Amino acid sequence: MSDLPISAEVVVIGGGVMGTSTAFHLAEAGVDVLLLERGSLGQGSTCRAAGGVRANFSDPLNIALGARSLECFGAFPQRPGQEIDLHRSGYLFVLTAPDQVQDFEQAVELQQSMGLRSEVIDVDRALELSPYLNPDGVLAAAWSPDDGHCSPESVVLGYATGARRHGASVRTGIEVTGIDLRGSEITAVRTEAGDVRTSVVINCAGVWSPQVAAMIGVELPVQPLRRQLVVTEPIPDARATAFTIDYGSTFYWHREGPGMLMGFSDQSVEPGFDLTADPEFTMKLAELAVLRAPALMEVGVQTGWTGLYEVTPDHNALLGESRAVSRLLYATGFSGHGFLQGPAVGEILRDLVLDREPFVDVSALSVDRFQRGELRPERNIV
Ligand SMILES: Cc1cc2nc3c(=O)[nH]c(=O)nc-3n(C[C@H](O)[C@H](O)[C@H](O)COP(=O)(O)OP(=O)(O)OC[C@H]3O[C@@H](n4cnc5c(N)ncnc54)[C@H](O)[C@@H]3O)c2cc1C
């Protein structure tokens, strides 16, 4: 016999950063919300993220979402009330081609016009901020000091606990298997543990969101792409470093406890759900490290993991409300930068549910943009 509630004003599908943030924001606003996660909280992409949080983007919407989320990460110990190991190490995009410098100069100008502290800096300054960086071939770097990294597990825990504290029902080990409609209106969500009556569903199922949408004939263009990273053994006398990204190769590193977290986006990976680690990954990573941060080669790998990016054709999020099905909302396709947008997206979904004006107009992120041929490419991605 299931003890699932028989009804909920809103059902959120997925217990990653998006689902838990949304449940928190809705519950805090007094909405009767049920979150359903088929496994454990954060087990999808969220707890496999590198934890990077930033507003250093080229698209003004991503800058706004990143900046709002940074404010929320900064205040996380007070609201929802959880330590998240936030390190404001700053982000440093290392630029090795003139067109990269030009693009980042434009992005920095835009970020500054939106009130952010970011700048394009010279190589000497970049070396001060990122002491493991090999400056050979580096022309400049884009520096955003208020960015950094924090713990995805803690963020999920904080939002889930906060949501429960405000009365939300957060249920794990429950898979949504169907969504019932009457005409274009949602009437219930089906699960293996029974049905739940509802009229509002929010699809936060990450890389699996297309399958959830397909339950009611809605298409979401999201593809899974395997990404891999490693964490090194403790580095003796480790020095402070910015979260550094060699933009041309995507090789990145940041401090992770006493060691260093390192990864890159292997462009040869084909879309798919396979999470098997590439046995060649460490070797490929070493080839990039030897060029850009050779000192990091002197330390062994302690652990590593794979995860899935949920990628859209223009590497930008899908966020909005379906036009075909009434009160079906979606937040997915974050293409490698979803963790850092979780707080802002949860707030926006709350406002869309409650018919309030969100702090920023996200209509350009609607999935309809692909039918309209209005792609919205984001350049500052890894
Ligand atoms: C290696 C790696 C590094 C990354 N680094 C960063 C980074 O530094 N910064 C950053 O911002 N982003 C990063 N990302 C991207 C980030 O992890 C994702 O964009 C983000 O976590 C997506 O969150 P989500 O809540 O949408 O999805 P998920 O965390 O995947 O959550 C979706 C959940 O839905 C559940 N679910 C699916 N179907 C159902 C169903 N039918 N019923 C019930 N539950 C269901 C799943 O079990 C899953 O837990 C990284 C990703 C990877 C793989």
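Parameters and conventions
Residues numbered from 1 in each chain as written. Predicted model: local features only at pLDDT ≥ 70, side-chain atom pairs only at ≥ 80, totals over all residues. Near = placed C-beta within 6 Å. Helix = DSSP H or I, 4+ residues; strand = E, 2+ residues; numbered from the N terminus. Nonpolar A, V, L, I, M, F, W, Y, C, P; charged D, E, K, R; others polar. Domains from an automatic or database assignment. Buried ≥ 20, exposed ≤ 12 C-beta atoms within 10 Å, placed from the backbone. Pairing = 2+ DSSP bridges. Contact = placed C-beta atoms within 7 Å. Expected span 1.5 Å × (residues − 1). Core = buried A, V, L, I, M, F, W, Y, C linked by C-beta atoms within 7 Å.

### A closer look at the site of the ligand
Then step 1. Near the ligand there are 41 residues, and of these G16, G44, G206, G307 and G338 occur at the shortest range.
Then step 2. Among the secondary structure elements, those contributing two or more residues to the shell around the ligand are α1 (17-28), β2 (33-37), β13 (223-232) and β17 (301-311).
Then step 3. Among the elements that make up the shell around the ligand, the one with the highest residue count is β17 (four residues).
Then step 4. Of the residues in the shell around the ligand, the class split is 18 nonpolar, 17 polar and six charged.
Then step 5. Two domains share the shell around the ligand, each providing at least three of its residues, namely domain 1 (10-50 + 152-222 + 314-372) and domain 2 (91-145 + 223-310).

### With respect to the pairing of strand β14 (residues 243-246)
Then step 1. Side chains F243 and I245 project from β14 onto one buried face, and the interleaved T244 and D246 project onto a second face that is buried too.
Then step 2. Across four bridges, the pairing between strand β4 (residues 91-95) and β14 is parallel. In the sheet register, L92 faces β14, and the bridge partner there is T244.
Then step 3. Of the pairings in the sheet, the one linking β14 to strand β15 (residues 252-256) comprises two bridges and is antiparallel in character. Its bridge partner being in β15, T244 is matched across the sheet by W253.

### Topic: unusual backbone geometry
Then step 1. In the segment running from R79 into P80, the intervening peptide bond is cis, with an omega of 10 degrees.
Then step 2. Along the polypeptide, P80 turns up in the loop between α2 (60-74) and β4.
Then step 3. Unlike most non-glycine residues, R327 shows phi in positive territory, near 60 degrees.
Then step 4. In this structure, R327 sits in the loop between β18 (318-321) and β19 (328-332).
Then step 5. Non-glycine residue S335 carries a positive phi angle of around 55 degrees.
Then step 6. Counting through the fold element by element, S335 comes out in the loop between β19 and α8 (342-353).
Then step 7. You can call S335 buried: it has 22 C-beta atoms within 10 Å.

### Points about the domain arrangement of the chain
Then step 1. By the assigned domains, the chain splits into domain 1 (10-50 + 152-222 + 314-372) and domain 2 (91-145 + 223-310).
Then step 2. Domain 1 and domain 2 are separated by 30 Å when their C-alpha centres are compared.
Then step 3. The partner domain 2 presents 10 residues to the 11 residues of domain 1 that form the contact.
Then step 4. By residue class, the composition of the side of domain 1 that touches domain 2 is four nonpolar, six polar and one charged.

### Details of helix α5 (residues 152-165)
Then step 1. Between its first and last C-alpha, α5 extends 20 Å over 14 residues, near the 20 Å set by a 1.5 Å rise per residue.
Then step 2. If you check which residues of α5 are buried, you get P152, V155, V156, G158, Y159, A160, G162 and A163.
Then step 3. If you follow the buried residues of α5, they end up packed against α1, β2, β8 (169-172) and α8.
Then step 4. Positive backbone phi, at 100 degrees, marks G167, one or two positions downstream of α5.

### Overview of the nonpolar core
Then step 1. By size, the foremost hydrophobic cluster in this structure holds 115 residues, and its most contacted members are V11, I13, A23, V33, F93 and M262.
Then step 2. In this structure, this core is formed jointly by two domains, domain 1 (10-50 + 152-222 + 314-372) and domain 2 (91-145 + 223-310), each of which donates at least three residues.

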